[in-house]
Amino acid sequence: MFSWLGTDDRRKKDPEVFQTVSDGLKKLYKTKLLPLEEHYKFHEFHSPALEDADFDNKPMVLLVGQYSTGKTSFIRYLLEQDFPGMRIGPEPTTDSFIAVMHGDVEGLIPGNALVVDPKKPFRKLNAFGNAFLNRFVCAQLPNPVLESISVIDTPGILSGEKQRISRGYDFAAVLEWFAERVDRIILLFDAHKLDISDEFSEVIKALKNHEDKIRVVLNKADQIETQQLMRVYGALMWSLGKIVNTPEVIRVYIGSFWSQPLLIPDNRKLFEAEEQDLFKDIQSLPRNAALRKLNDLIKRARLAKVHAYIISSLKKDMPSMFGKENKKKELITSLSEIYGRIEREHQISPGDFPNIKKMQDQLQGHDLNKFQPLKMKLLDTVDDMLAHDIAQLMVLVRQEETQRPHPVVKGGAFDGTLNGPFGHGYGEGAGEGIDEVEWVVARDKPMYDEIFYTLSPVNGKVTGANAKKEMVKSKLPNTVLGKIWKLADIDKDGMLDDEEFALANHLIKVKLEGHELPSDLPAHLIPPSKRKIPE
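Rules used throughout
Residues numbered from 1 in each chain as written. Predicted model: local features only at pLDDT ≥ 70, side-chain atom pairs only at ≥ 80, totals over all residues. Heavy atoms only, no water. Helix = DSSP H or I, 4+ residues; strand = E, 2+ residues; numbered from the N terminus. Contact = heavy atoms within 4.5 Å. Areas by Shrake-Rupley, 256 points an atom, 1.4 Å probe, with all protein chains shown as cover. Buried < 20%, exposed > 50% of the residue type's maximum accessible area, 1.4 Å probe, protein only. Core = buried A, V, L, I, M, F, W, Y, C linked by side-chain atoms within 4.5 Å. Phe/Tyr/Trp six-rings, centres within 6.5 Å; stacked < 30°, edge-to-face > 60°. Lys NZ or Arg CZ within 6 Å of the ring centre and 35° of its normal. Pairing = 2+ DSSP bridges. Axes fitted to C-alpha atoms, helices over the stretch in contact; angles between N-to-C directions. UniProt positions renumbered as here; feature names shortened; annotations may be inferred. Salt bridge = Lys/Arg side-chain N within 4 Å of Asp/Glu carboxyl O. Expected span 1.5 Å × (residues − 1). Arc of directions from axis to C-beta. Polar contact = N/O pair within 3.5 Å; in protein donor to acceptor, adjacent residues only side chain to side chain. Bend = angle between axes of the 7 residues up to and from the residue.

Per an unreviewed UniProt entry, the recorded name for the protein chain is EH domain-containing protein 3, and the organism is Synaphobranchus kaupii.

So, in structure tokens, the structure goes:
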């Protein structure tokens with residue numbers, strides 16, 4: 001059974017051959033990382049063992065926020081339909097964790113039934129007991145959005161010790177469990193109440209080491225004026241800066257994610273742009289799912305290695321006969337010194353070590369004499385996995401992306417603005433005049449013609465040198481002006497006639513107004529006299 005532990009130099013040179021990324025992750029975990037985790041009781045200290053469903057499940061989005069910030073409304077907005085168990089109101093209404101997933105038939109699956117289903121990635125949640133499972137359900141419904149992703153709705157976070165105790169389960173620990181397995185964590189804030197309660201602060205700290213998955217949504221932003229919105233945004237960034245310890249500024253999306261009319265429509269264009277950015281981020285999840293699972297496995301392997309060093313070090317320092325209890329207390333108290341010694345001996349980054357206070361609390365309930373000594377073969381196997389097999393899987397990830405592109409999330413709100421005049425940016429910038437009969441550049445062409453005839457055209461065309469003297473007056477960089485020239489010089493003769501010159505000036509105006517230039521010239525911007533020229 002453990003023949004793979006034998007010394008095999010050839011194996012180190014020839015990595016495993018995997019058919020798919022998912023199969024490769026499962027095999028590597030079961031044969032190389034899981035033995036190390038089991039040997040050093042990793043699952044009792046950190047995270048339960050992974051199962052096949054953890055590698056096969058669709059990308060998941062976890063919504064977290066205080067009560068009445070619009071978490072359930074946000075899901076309703078994405079799906080564009082109600083889901084079983086949905087309750088929306090101005091006060092704390094969602095008192096359960098609801099996993100909104102795809103199913104052929106609409107219905108609810110209670111938590112106790114959910115954690116025995118091997119096809120669902122929730123089996124290990126049974127460790128949180130009945131108090132949690134009675135507050136956990138899966139809402140299934142046939143919806144196109146849910147064919148690509150699943151969404152986890154959470155109870156509204158309250159403030160005060162009483163509410164936290166009355167839950168009957170460790171709320172922060174449950175969220176930490178989900179955070180390890182989801183692809184995106186969305187923190188929702190209400191523009192009217194930015195106070196971060198004690199429980200919310202504790203929850204955000206529980207999401208430590210998963211900051212790369214966090215996105216923040218400042219919801220209900222249509223209900224306050226522009227000046228107030230600027231102050232609220234600044235206050236939110238300041239509050240987050242104190243809790244989320246990252247050197248980068250966390251991304252905050254501003255908007256109003258529900259289907260009601262905007263109360264104050266002044267910032268409509270801002271809300272549309274922010275919504276599109278958030279939707280693109282969510283739509284990219286299926287494409288990046290394999291890479292995220294690979295990244296999470298690497299993080300888990302690094303933590304498992306550090307854990308093995310800590311456990312074996314404690315075992316080594318324990319006496320074999322007398323004074324065990326006193327030595328145990330001494331070792332737990334001096335855990336920070338043990339961390340420092342391991343860090344120096346094995347060249348491990350301080351960021352790879354588990355939380356010292358949490359580790360000390362967990363060690364109190366264990367018999368340190370029953371821990372295992374250091375077994376280098378297990379660690380060498382994990383090192384081999386990180387050095388060779390992971391690199392091969394990275395190549396396979398790229399191959400899968402090129403051979404079988406992963407679908408983006410479709411349906412619901414994601415399709416609402418794809419086509420037609422309500423698509424983002426429709427009729428603006430380079431898209432101006434897209435559905436008009438007349439050439440849109442013709443509106444300002446008389447003004448451009450006046451400039452054109454001052455540039456000494458020869459045979460109805462101005463040279464590149466003369467056109468450049470006028471175009472650089474826009475103060476745009478040469479890289480941008482070069483792209484504009486490439487788009488405007490339709491017949492590629494190195495000169496511009498009056499229509500091409502007018503088009504170049506129109507594109508300069510588009511760029512100066514803050515819009516992006518198209519990569520190819522749209523059909524409606526091609527001058528009428530050039531539209532029959534074969535490409």
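**With respect to the overall build of the protein chain**
When you go through the protein chain residue by residue, the secondary structure sums to 21 helices and 10 strands. Of the contacts made within the protein chain by residues no fewer than 6 positions apart, 78% connect residues no fewer than 24 positions apart. Per element, the accessible surface of the protein chain, about 27,000 Å² overall, is 52% carbon and sulfur.

**Thoughts on the environment of His346**
Topologically, His346 is positioned in helix α15 (residues 335-346). Look at His346 and you get partly exposed, because its relative accessible area is 29%. Taking the C-alpha atoms as reference points, His346 and Tyr309, separated by 37 residues in sequence, lie 8.9 Å from one another.

**A few points about the nonpolar core**
In this structure, Phe97, Phe122, Phe178, Leu187 and Leu218 are the most contacted members of the largest nonpolar core, which totals 48 residues. No other element matches the 6 residues that helix α9 (residues 171-181) contributes to this core. In this structure, Phe178 is in contact with Leu62, Phe97, Phe122, Leu125, Phe132, Phe136 and Ile152, ignoring residues within four places of it in sequence.

**Re the packing of aromatic side chains**
The full count for this structure, using the stated rule, is 18 aromatic pairs. Plain terms: the ring middles of Phe132 and Phe136 are 5.4 Å apart, the flat faces sit at 20° to each other, and that makes the pair stacked. Taken as a pair, Phe132 and Phe136 share a single burial class, namely buried. Consider the rings of Phe136 and Phe178, whose centres lie 6.2 Å apart with planes at 65°: the pair is edge-to-face. Separated by 42 residues along the polypeptide, Phe136 in strand β4 (residues 136-141) and Phe178 in helix α9 bring together distant segments of the chain. In this structure Phe136 comes out as buried when scored by relative accessible area, which is 0%. Three or more aromatic residues joined by ring pairs make a cluster, and in this case those are Phe97, Phe122, Phe128, Phe132, Phe136, Tyr169, Phe171, Trp177 and Phe178. The ring of Tyr253 has Arg251 sitting right over it, with the charged end atom 4.1 Å from the ring centre.

**Describing unusual backbone geometry**
Notably, Glu80 is not glycine yet its phi reads approximately 60°, a positive angle. Here Glu80 is to be found in the loop between α5 (71-79) and β2 (97-102). A positive phi is found at Lys492, a non-glycine position, where the angle reads about 55°. Topologically, Lys492 is positioned in the loop between α20 (478-488) and β10 (495-497).

**Overview of the sheet that holds β2**
Judged by pairing direction, the sheet is mixed, and its 8 strands sit side by side in the order β3-β4-β2-β5-β1-β6-β7-β8 without closing on themselves. What marks the edges here is a single partner per strand, and that holds for β3 (107-110) and β8 (252-254). Direction aside, the axes of adjacent strands within the sheet are offset by 25° on average. Sheet analysis places β2 next to strand β5 (residues 150-153), joined by 3 bridges and oriented antiparallel. Directly across from Ala99, in β5, lies its bridge partner Ile152.

**Concerning the UniProt feature "domain: EF-hand" (unreviewed entry) in the protein chain**
Per the UniProt annotation, the sites labelled "domain: EF-hand" (unreviewed entry) are residues 476-511. Annotated as 69% helix and 8% strand, the span residues 476-511 places its first and last C-alpha atoms 9 Å apart.

**Let's talk about the pattern of salt bridges**
For the coordinates displayed, the defined rule picks out 39 salt bridges. Of the charged contacts in the structure, one is a salt bridge between Asp389 and Lys32, with a shortest N-O distance of 2.5 Å. Separated by 357 residues along the polypeptide, Asp389 in helix α17 (residues 376-403) and Lys32 in helix α2 (residues 21-39) bring together distant segments of the chain. Looking at Asp389, the relative accessible area reads 0%, which means it is buried. For Lys32, a relative accessible area of 6% corresponds to the buried category. A salt bridge links Glu516 to Lys511; the shortest N-O distance between them is 3.7 Å. Residue Glu516 is classed as exposed on the basis of its relative accessible area, which comes to 62%. Owing to a relative accessible area of 23%, Lys511 belongs among the partly exposed residues under this scheme. Each of the salt bridges in this network shares a partner with another, and the network as a whole consists of Asp183, Lys213, Arg292 and Asp296.

**So, helix α11 (residues 226-243)**
Counted at 1.5 Å a residue, the expected span for α11 with its 18 residues is 26 Å, and the 26 Å between its end C-alpha atoms agrees. When we look at burial in α11, the residues that qualify are Leu229, Val232, Leu236, Ser239, Leu240 and Ile243. The arc enclosing the buried residues of α11, seen along the axis, measures out at 95°, which places them on a common side. For α11, the exposed residues set more than 90 degrees away from the buried face come down to Gln227, Met230, Arg231, Trp238 and Lys242. Contacts from the buried residues of α11 go to β6 (184-190), α10 (198-206), β7 (214-219), β8 and α12 (268-283).

**What to know about the side chain of Lys213**
By secondary structure assignment, the location of Lys213 is in the loop between α10 and β7. Within polar-contact distance, the side chain of Lys213 engages the backbone oxygen of Glu180 at 3.4 Å. When neighbours within four sequence positions are excluded, Lys213 is seen to be in contact with Ala179, Glu180, Arg181, Val182, Asp183, Arg184, Ile185, Arg292 and Asp296.

**A look at helix α13 (residues 285-317)**
The end-to-end C-alpha distance of α13, which contains 33 residues, comes to 46 Å, matching closely the 48 Å that a straight helix rising 1.5 Å per residue would cover. Its axis deflected by about 30° at Leu291, α13 carries its strongest bend there.

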